[in-house]
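Okay, here's what each chain looks like letter by letter:
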Amino acid sequence: MDVREQLIAIIADGKIHSGESLGEKLGVSRTAIWKQLKRLEELGLNLEAIKGVGYRLVTPLELLNKACIKALLSPSALAQLRDLYIHQTLDSTNHRAKELAEEDSAAGTVILAERQTAGRGRRGKSWVSPYAANIYLSLIWDFDHGAQALEGLSLAVGVGVRRALIEAGLPEVALKWPNDIYVGNAKLGGILLEMIGDPAGDCSVIIGIGINVNMPPSQSGEIDQSWTDIKTVMGDLPSRNHIVALLIEHVFTVVTGFQEQGFDIYRNEWMEADRLRNCQVKLIAGNTAVTGIALGVDQNGALQLRLSNGEVQSFVGGELSLRPDN
Ligand code: BTN
């Protein structure tokens, strides 16, 4: 850990710390501490200076903690977990996961970051990723049947994420095809799958999961759709370490099940959580748009739409948008 990371770890408790005691603990001058503290504001941390006494974080922080997360995992999840990396700052956990997967076989590796400077969403969008506020997680998994068999994987992961969130105490978690996590009409999280290797054979899949836990209002202006976070939904701030452990646990389970039996075993559960089932929707794929009634998904995870002529068609790509009900 560098000085800034050590400093954050000390003041995370929200208690008052004098510049002198911080300097002593970190072996640097009070001026160096003051400079570091000023820089914390760049991370969006709200620091209060109490004249003549010291400094404190206005809101205490629960930082991600490897030992704490591992202590919450079941023996079977621990056996599947190859390694767990926690970074303070990454451009993107998916990007780092890709680098690791390219270097070596890294299946079962989980990468977390306290913040992402270039968090990636679907369709080239960015993913707003402020410091110590939300969950940014990537997991590497190996497949040997190629991308064809992976069509339903992102939907299966959605089922795993939903199970984790329900176990964490969230009510009414819904899924929107292909892989958005919703509560009510607001997006709580998203899943971004990226593949490296042979699309027709051996490949590694990077499963990126972003969950809004406590999005600072100051950052939310950059989000271009209706959103929510766990704190708003539950009225309370849950432990991110606990939610991360639940995500690892449930995503390992569904990915293993998917690898052995395919998407079909998750289909009913996905359909029960489908927030657009029987709704009039518009599917946008490139320059074309198709409208119809969403009927759910087939055994491979393809979206099924009843078109205006009554015909039912399956779709595997594209962006789904809810059509105004008029
Ligand atoms: C979406 O657009 O809904 C997908 C968002 C996926 C965001 C996560 S955060 C962790 C991982 N790293 C990234 O850069 N993106 C994914």
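A quick note: this is a predicted structure, and the numbers were derived from the prediction, not measured. (Residues numbered from 1 in each chain as written. Predicted model: local features only at pLDDT ≥ 70, side-chain atom pairs only at ≥ 80, totals over all residues. Heavy atoms only, no water.)

1. Considerations on the site of the ligand
Here comes step 1: Residues in close proximity to the ligand total 20 residues, the closest being Ser 92, Gln 116, Arg 120, Arg 122 and Lys 187.
Here comes step 2: The contact in question runs from an oxygen atom of the ligand to an N or O atom on the backbone of Arg 120, over 2.7 Å.
Here comes step 3: At 2.6 Å, a side-chain N or O of Lys 187 approaches an oxygen atom of the ligand.
Here comes step 4: Isolated, the ligand exposes 420 Å² of accessible area, and the fraction of that covered by the protein chains is 98%.
Here comes step 5: Elements that contribute at least two residues to the shell around the ligand include exactly helix H6 (93-103), strand E5 (135-143), strand E8 (186-197) and strand E9 (203-211).
Here comes step 6: If you tally residues by element for the shell around the ligand, the top one is E8, at four residues.
Here comes step 7: Tallied by class, the residues present in the shell around the ligand amount to six nonpolar, ten polar and four charged. (Near = heavy atom within 4 Å. Polar contact = N/O pair within 3.5 Å; in protein donor to acceptor, adjacent residues only side chain to side chain. Areas by Shrake-Rupley, 256 points an atom, 1.4 Å probe, with all protein chains shown as cover. Helix = DSSP H or I, 4+ residues; strand = E, 2+ residues; numbered from the N terminus. Nonpolar A, V, L, I, M, F, W, Y, C, P; charged D, E, K, R; others polar.)

2. Re the pattern of salt bridges
Here comes step 1: If you walk through the whole model with that rule in mind, you get nine salt bridges.
Here comes step 2: For Glu 194, the salt bridge is made with Arg 120, and the minimal N-O distance between the two is 3.1 Å. Of this pair, Glu 194 sits in strand E8 while Arg 120 sits in the loop between strand E4 (109-116) and E5, and the two are 74 residues apart along the sequence.
Here comes step 3: Look at Arg 120 and you get partly exposed, because its relative accessible area is 32%.
Here comes step 4: Counted as one network, the salt bridges with shared partners bring together Lys 98, Arg 120 and Glu 194. (Salt bridge = Lys/Arg side-chain N within 4 Å of Asp/Glu carboxyl O. Buried < 20%, exposed > 50% of the residue type's maximum accessible area, 1.4 Å probe, protein only.)

3. Here's the deal with the sheet that holds E4
Here comes step 1: As summarised here, the arrangement of the seven strands in space is E3-E4-E5-E9-E8-E7-E6, forming an open sheet in which the pairing is mixed. Bordering the open sheet on either side are strand E3 (83-90) and strand E6 (173-176), each of which pairs with just one other strand. Within this sheet the neighbouring strands show an average axis-to-axis angle of 20°, counted without direction.
Here comes step 2: As paired elements, E4 and E5 share three bridges and run antiparallel to each other. Paired with Ile 111 across the strands is Ser 138, a residue of E5. (Pairing = 2+ DSSP bridges. Axes fitted to C-alpha atoms, helices over the stretch in contact; angles between N-to-C directions.)

4. A look at the side chain of Asn 134
Here comes step 1: Examined against the element boundaries, Asn 134 turns out to sit in the loop between E4 and E5.
Here comes step 2: According to the relative accessible area criterion, Asn 134 is buried, its value standing at 0%.
Here comes step 3: Within the structure, Asn 134 has its side chain in polar contact with the backbone nitrogen of Asn 214 (distance 3.1 Å).
Here comes step 4: Excluding anything up to four places from it in sequence, Asn 134 contacts Val 128, Ile 211, Asn 212, Val 213, Asn 214, Met 215 and Arg 240. (Contact = heavy atoms within 4.5 Å.)

5. Re H6
Here comes step 1: Taken as a whole, H6 has its buried residues at Thr 93, Asn 94, Ala 97, Leu 100 and Ala 101. For H6, the arc enclosing every buried residue in end-on projection is 120°, short of the 170-degree limit, so these residues lie on one face. Of the exposed residues in H6, those oriented more than 90 degrees away from the buried face are Glu 102 and Glu 103.
Here comes step 2: In this fold, the buried residues of H6 make contact with E3, E4, E5, E8 and E9.
Here comes step 3: A distance of 3.1 Å separates the backbone nitrogen of Asn 94 from a side-chain oxygen at the start of H6, and that oxygen is part of Ser 92. (Arc of directions from axis to C-beta.)

So yeah, pure geometry; function would need other evidence.
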